[in-house]
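Given next are the chains, with one letter for each unit.
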Amino acid sequence: MYLNCHTYYSLRFGTFSEEELLQLGQKNQVKQLVLTDINNTSACLNFVREASKYNIKPILGIDFRNGVDQCFVSIAKNNDGYQELNKFLSHHLHTGIKIPQEAPTIENTFTVYPFEKVLLNEKDKFLDNEFIGISIKDLRRLPFSRLKTYSDKLVVQQPVTFRNKRDFNAHRLLRAIDNNVLLSKLEEKEVASESEQMYPIENLVEVFSEYSFILENTERLLHQCNIHFDFSTNRKPQNLKNYTTSKEDDQKLLEKLCKEGLIKRYTKITKVIKNRLEKELTLIKQMGFISYFLINWDITSYAKKNDFYYVGRGSGANSIVAYILYITDVDPINLDLYFERFINLYRANPPDFDIDFSWRDREHMTQYIFNRFDHVALVGTYVTFKRKGVIRELGKVFGLPKDEIDILSDGGIPSAKADSMARLVLKYGSLIEGMPNYVSVHASGILISEKPLQSFSATFMPPKGFATVHFDMVIAEDVGLFKFDILAQRGLGKIKDTVAIVKQNQPEKANFDIHNVSEFYKNPVINNLIKTAQCMGCFYVESPAMRMLLKKLEVDNYLGLVAASSIIRPGVSKSGMMREYILRHRTPGRTEEKAHPVMLSIMPETYGVMVYQEDVIKVAHHFAGLDLGEADVLRRGMSGKFRSRAEFEKVKDKFRSNCVTKGYSAQLIDEIWNQVASFAGYAFAKGHSASYAVESYQSLFLRAYFPLEYIVAVLNNGGGFYRPEFYIHDARMMGATIHPPCINQSQISNVIYGTTIYLGMLYLRDLEHRVMERFLNERKQNGTFKSLEDFLDRVLISIEQISILIRIDAFRFTGINKHKLLWKAHLILTKTKRVDHPKLFPPKHRNFQIPELNTTYLETAFEQWELLGFPLCSPFNLLEESPKTTNGQKDLAKYLNRKIDIYGYLVTVKNTSTHTGKRMYFATLLDQNGEVFDTVLFPPIAAKYPFHGRGIYRFYGKVVSEFGFLSIEVIKMQKQKYVPDPRYADMKTSKKLMKPRASRKDSPIQGNS
């Protein structure tokens, strides 16, 4: 009887989930229920999936509105009707066209016009599938309306938006947020009637008892509607069924590609390789995943043809078929990758391929996929109301002052002490928190379907212009749609750009194959970089935490790096197993002493410690006796929505009961379960870690043999873990000469000539991009600039923009002091009329008399700091007081277990919390010689000595060693003062500090200006 029900996917309007709607229906003895969210279909698939649990027949429709103005409600008779409704809504969402007041003729649907709208629009003709909706509040007006004569067209339309008064209040607040107005200023027309509630069926029947024909019409309409989606474990995949024209042709193509790829990948084809390939092909055919593999092959083949670098990772990297099709570069035979993590008979969904492209190529690849296949869309996701955001929004709605909102959002006012308005903010904030705010785009997922994706939901059009479904990846998998993950990362851009820069800067050395990674694994130079953690700028191995781990593990080979790539993940480290892994790795005999025999037999290569996602499956299968399908449910259930699923809870209980049956102690069961639970949602698949390690080795090869070219590529691809300043410093430490931007040598990005690096114009944050392009195009067409006057004659530029270039010393080739150049620029630009067209004759310039001016070393440093964001000299040269000690990283070993006094320039600091919630810091710094050292500030010290942004700090602390990694446990810390900026200081200070201190003159982080 309820034809017009809303969930909170009627965004900023509805107040509860689709499952809560079904619970409400069950409570009120409803047997058929129509979900009609406002211009949205996000809840539809899960509504159908869950409905059987509540013994309710699910029916789908859409409440078509312009804002809150309800035009009509459309209800699908069947799946074909649902698809047509989605198509209609998608058209309006894509184009932004308003919903018409009259519904179009759409087959296999019913249209219900609200009673009020029929009267307002004086509609008097209705098609066979069109009806007039009567709500409870409309009944008192019906006897006096002309519409009472339309007895065969009247149906019950009692909207459902609230369960109670609290929902109604939450709705009003959502409407105020949506309209960005104070609650007191919210217009009544923007709010739904409080009567939009569900009542027990018997009550509804009683209310409409005088108009039994309305009930009969409604019942007849509902009985004609049937929607079906298959959510069973045996459901058929909904992805593109055949890559070619038939299943048989697909099979032939896959076998042909495997045959060709096998001899390219392996010089010697062993029986193990043959058996593995045969086993995989049999399963791929049996499970119906041939087209899935061929589509991924198509995508990567197109990338290769266009010289787009990519990395295939995810569980698909466990597959020899993926390896010989060049979808991945990970050899599963070499790594003994766990086959069942890739694919098994118990797993309905195909293996997961994450294909990374350079951040510059990803959009091109996405466009290719949309052009190449017929039914394509991006996967949606839901951006929900977060606690702080909700409190800020509600604070504005209630008219609280900004300072009070700030305190509330930071949890500063306890609820008991808050005034009445603040209490309301907190109360309704907790109710709205977690509701969807708007539908967005999944980070990487693309759906390629056998049939139009409007069969499953409407689509909307985000700014980049790729149609996106209304549902997320979890529901997509539930209904048999498996996403293709096309991701972007900067690491691949760095590798690709380095290869190009090497060809330009050192063409005689550019005959290497960056994809020949098997040779890199054996290279002692590369492996020594890993062992000594000299990995600045290298993909996934440059962070302080990774550098620390590599030193502790003494990693010097590919397999060791594969393990380290997963051990560093939060799950392994937080479970305490990272430390245990290191102990077992470094301490002979500890493995046999500490590891449970079953665990050790399952995972001998990782000392009985769970490191990879596959290990969860192994432990669940071999230790707890779950079958492989149940083990995979357990693994997947450790993250996201699956954790709350009933099937996960069932498997979790079976894990424990099986362990008890096997005779394990309660302590051991708890210990193993806690290990599983703490990291399974965060650990990598082994193939995923191996894929990362491949890219790391490519990066490390380039850093080892072409370090300066590589650092330039790192900078041009947006840097990495650290700020650009530190990559520039690293290049200088490796022998580069660094120049600030120059109008005759620089480009927008950084460039290298031999060992000389010119910083790009991109670092001049206030220089307009169009100005850069203008003078670079002029230089390209008509040659370098001879002087400031020549530049100003050829380039149209404002005094503000030319001042930036002069201040950064971009005209230093002229040999004229920049103060004098600034005067010249001002006089020329104010005395000469500027025109933006070619000049027939070179203009004449007056010879202005300008007094002799000088620029100090300090002025240059502070100009660079202001314009680039960092100085190109050593920051230690800018201290007000010279350091009292010369201690640096090289001295840590001799101070082991003793106190040290040391100065450091802050590189990065990680704020973290102990298990008791207290804050502590891990900081990485540069010493006076440009070398890196690490410090740790435990909670009492962190509370007493917090970091205050960038700068130089003096530390007093104890040098400690953990597994050979030296760091300083800080006891005291003080930030050091820089000299006053001489540009704004008095003349005495400026003259006194004209030159850099002699003691710092040859510092390795000294720059060129």
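Please read all numbers here as calculations on a predicted model, not as lab measurements.

**Q** Mind laying out the sheet that holds strand β1 (residues 2-5), listing which residues take part and the relevant values?
**A** A sheet is described by the order of its strands in space; here seven strands give the open sequence β1-β2-β3-β4-β5-β6-β7, paired in mixed fashion. Among the strands making up the open sheet, the edge pair consists of β1 and β7 (154-156). Pairwise comparison of adjacent strand axes, ignoring direction, gives a mean angle of 35 degrees for this sheet. Pairing of β1 with strand β2 (residues 32-38), which is carried by two bridges, proceeds in the parallel orientation. Considered in β2, the bridge of C5 is made with L35. Against the sheet, helix α2 (residues 44-51) contacts β2 and β3 (57-66), and its axis sits at roughly 155 degrees relative to β3. Along the sheet, helix α7 (residues 212-223) contacts β1, β2, β3, β4 (69-76), β5 (109-114), β6 (130-134) and β7; its crossing angle with β7, the most-contacted strand, is approximately 75 degrees.

**Q** I'd like a rundown of the packing of aromatic side chains, residues and numbers included.
**A** As enumerated under the stated definition, the model contains 49 aromatic pairs in all. On the numbers, 6.0 Å between centres and 20 degrees between planes, the contact of Y292 with F353 is stacked. Of this pair, Y292 sits in helix α10 (residues 290-305) while F353 sits in the loop between α13 (339-342) and β9 (354-358), and the two are 61 residues apart along the sequence. A relative accessible area of 1% places F353 in the buried class. Pairing Y558 with Y697 gives two aromatic rings, centres 6.0 Å apart and planes at 70 degrees, and the pair type is edge-to-face. With Y558 in helix α23 (residues 558-567) and Y697 in helix α32 (residues 686-705), the pair connects residues that are 139 residues apart, well separated along the chain. The same class applies to Y558 as to Y697, namely buried. Members of the aromatic cluster, joined through ring pairs, are F512, F520, F701, Y705 and F706. One cation-aromatic arrangement involves K153 over F131; the distance from NZ or CZ to the ring centre is 5.0 Å.

**Q** Please provide a residue-by-residue account of the side chain of E863, values included.
**A** You can see E863 is positioned in helix α39 (residues 857-868). For E863, a relative accessible area of 8% corresponds to the buried category. Side-chain polar atoms of E863 contact the side chain of R983, separated by 2.9 Å. Setting aside chain neighbours within four positions, we find E863 in contact with R807, K818 and R983.

**Q** Which residues make up the sheet that holds strand β21 (residues 952-962), and what are the values?
**A** What the five strands build is a closed barrel, ordered β18-β19-β20-β22-β21; its pairing is mixed. The sheet shows a mean angle of 50 degrees between the axes of neighbouring strands, taken without regard to direction. Strands in contact with helix α22 (residues 544-553) are β18 (899-913), β19 (919-926), β20 (932-937), β21 and β22 (965-975); relative to β22, the strand with the most contacts, it is inclined by about 140 degrees.

**Q** Help me get a handle on the environment of F775, residues and values and all.
**A** The residue F775 is located in helix α35 (residues 769-782) in this model. For F775 and R794, which are 19 residues apart along the polypeptide, the C-alpha to C-alpha distance reads 8.2 Å. The contacts of F775, once residues within four sequence positions are left out, are I743, M761, F785, F791, V795 and L805.

**Q** Account for the pattern of salt bridges, naming residues and giving values.
**A** Summed over all chains, the structure comprises 53 salt bridges. One salt bridge in this structure joins D298 and R372, with 3.2 Å as the shortest N-O distance. Residue D298 is found in helix α10, and its partner R372 is found in helix α14 (residues 362-372); the two are separated by 74 residues along the sequence. The exposure class of D298 is buried, given its relative accessible area of 7%. A salt bridge links R313 to D356, with the shortest nitrogen-to-oxygen separation between them at 2.7 Å. Highlighted residues: R313 in strand β8 (residues 310-313) and D356 in strand β9, separated in sequence by 43 residues. For the pair shown, R313 and D356 are each scored as buried. The network of salt bridges with common partners includes R807, E863, E866, D981 and R983.

**Q** Can you explain the nonpolar core? Please cite residues and give values.
**A** Core analysis: the biggest nonpolar cluster contains 114 residues, and F775, F791, I802, L805 and F811 have the highest contact counts within it. Residue contacts for F811: discarding those within four places in its chain leaves I743, L788, F791, I802, L805, I806 and L821. In terms of nonpolar packing, the next biggest core, distinct from the first, is built from 100 residues, Y9, L45, F168 and L394 among them.

**Q** With reference to specific residues and values, describe helix α19 (residues 490-505).
**A** End to end, α19 covers 22 Å across 16 residues, agreeing with the expected 22 Å (1.5 Å per residue, within 8%). The inward-facing, buried residues of α19 contact β8, β9, β14 (484-489), α32, α33 (707-716) and β16 (751-753). If you check the start of α19, you find a side-chain oxygen 3.2 Å away from the backbone N of G491, and it comes from Q489.

Analysis parameters
- Residues numbered from 1 in each chain as written.
- Predicted model: local features only at pLDDT ≥ 70, side-chain atom pairs only at ≥ 80, totals over all residues.
- Heavy atoms only, no water.
- Pairing = 2+ DSSP bridges.
- Helix = DSSP H or I, 4+ residues; strand = E, 2+ residues; numbered from the N terminus.
- Axes fitted to C-alpha atoms, helices over the stretch in contact; angles between N-to-C directions.
- Contact = heavy atoms within 4.5 Å.
- Phe/Tyr/Trp six-rings, centres within 6.5 Å; stacked < 30°, edge-to-face > 60°.
- Buried < 20%, exposed > 50% of the residue type's maximum accessible area, 1.4 Å probe, protein only.
- Lys NZ or Arg CZ within 6 Å of the ring centre and 35° of its normal.
- Polar contact = N/O pair within 3.5 Å; in protein donor to acceptor, adjacent residues only side chain to side chain.
- Salt bridge = Lys/Arg side-chain N within 4 Å of Asp/Glu carboxyl O.
- Core = buried A, V, L, I, M, F, W, Y, C linked by side-chain atoms within 4.5 Å.
- Expected span 1.5 Å × (residues − 1).

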